[in-house]
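Take a look at the letters that make up each chain.
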Amino acid sequence: MQFEATVPTVRDRVVQAALKLVLEPIFEADFLPCSYGFRPGRRAQDAIAEIHVFASPPHGYEWIVEGDIQACFDEIDHVALLGRVRRRIADKRVLALVKAFLKAGILNQDGGVRDTITGTPQGGSATRKVHVVSGSRRLEVRLMSEA
């Protein structure tokens with residue numbers, strides 16, 4: 001399966017890094033302690049260490065569930081995502097930047113630009129945070145409540 005890489009320009013990366021500095025502290029407060037994806041100060045190794053703790057006595061958990069949603073970030077609805085961001089962010093300049101990154105388009109091999117109707121650009125620092133904001137909390141809560 002092939003996918004198109006959406007690599008931000010240097011200017012975009014600088015703006016995304018600044019945007020991440022604004023978004024991260026706001027949305028970081030929403031995540032549960034069991035969430036490790038794209039979080040500051042958390043690595044895959046930390047998640048593995050927690051698995052070892054819970055799989056060992058006295059906890060003795062026997063099941064580990066890991067999942068991935070195929071093409072999840074390719075199908076994120078822009079209106080729904082912007083709505084979630086808008087609930088927490090009132091600054092119209094920040095909202096405009098998030099929307100601009102979502103609608104930036106994809107540069108084809110022939111130099112043309114294809115519009116992006118759904119999905120988020122991948123490869124930038126701010127877009128990783130937008131990915132996490134888009135649905136992780138709902139998934140975390142569902143997994144925790146079903147446990």
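Here, the structure is the one placed above.
Residues numbered from 1 in each chain as written. Predicted model: local features only at pLDDT ≥ 70, side-chain atom pairs only at ≥ 80, totals over all residues. Heavy atoms only, no water.

### Some details on the overall build of the protein chain
Argument step 1. Check the secondary structure of the protein chain and you find five helices and two strands.
Argument step 2. Starting at the N terminus and walking to the C terminus, you meet the elements of the protein chain as α-α-α-α-β-β-α.
Argument step 3. Across the 147 residues that make up the protein chain, the buried fraction comes to 27%.
Argument step 4. Of the contacts made within the protein chain by residues no fewer than 6 positions apart, 63% connect residues no fewer than 24 positions apart.
Argument step 5. For the protein chain, the exposed surface amounts to about 10500 Å²; the carbon and sulfur share of it is 59%. (Helix = DSSP H or I, 4+ residues; strand = E, 2+ residues; numbered from the N terminus. Buried < 20%, exposed > 50% of the residue type's maximum accessible area, 1.4 Å probe, protein only. Contact = heavy atoms within 4.5 Å. Areas by Shrake-Rupley, 256 points an atom, 1.4 Å probe, with all protein chains shown as cover.)

### Details of helix α4 (residues 92-102)
Argument step 1. Within α4 the residues assigned to the buried category are V94, L95, V98, F101 and L102. For α4, the angular spread of buried residues about the axis comes to 125°, placing them on one side. Set apart from the buried face of α4 by more than 90 degrees, the exposed residues are K92 and R93.
Argument step 2. Summarising the contacts, the buried residues of α4 are in contact with α1 (10-28) and α3 (78-88).
Argument step 3. Among the residues of α4, the N-terminal cap falls to D91, whose side-chain oxygen and the backbone nitrogen of R93 are separated by 2.8 Å. (Arc of directions from axis to C-beta. Polar contact = N/O pair within 3.5 Å; in protein donor to acceptor, adjacent residues only side chain to side chain.)

### Some details on the side chain of R39
Argument step 1. Mapped onto the elements of the fold, R39 is located in the loop between α1 and α2 (44-55).
Argument step 2. From its side chain, R39 meets the backbone oxygen of L32 in a polar contact 3.3 Å long.
Argument step 3. Of the polar contacts made by the side chain of R39, one reaches the backbone oxygen of S35; its length is 2.6 Å.
Argument step 4. Beyond its immediate sequence surroundings of up to four residues, R39 is in contact with E28, F31 and L32.

### Notes on the packing of α3 against α4
Argument step 1. Direction vectors running N to C along α3 and α4 enclose 160°, while the axes themselves pass 11 Å from each other. Between α3 and α4, the angle falls in the class roughly antiparallel. Note that α3 runs across α4; the crossing there is right-handed. Along its contact with α3, which presents H78, L81, L82, V85 and R86, the element α4 presents L95, V98, K99 and L102.
Argument step 2. Among the residues making up the contact of α3 with α4, the classes are represented as six nonpolar, one polar and two charged. (Axes fitted to C-alpha atoms, helices over the stretch in contact; angles between N-to-C directions. Parallel < 35°, antiparallel > 145°, perpendicular 65-115°, else oblique. Left-handed = near helix turned anticlockwise from the far one by under 90°. Nonpolar A, V, L, I, M, F, W, Y, C, P; charged D, E, K, R; others polar.)

### Some points on the environment of D30
Argument step 1. The residue D30 is located in the loop between α1 and α2 in this model.
Argument step 2. Reaching out from D30, the side chain makes a polar contact with the side chain of R88 at a distance of 2.4 Å.

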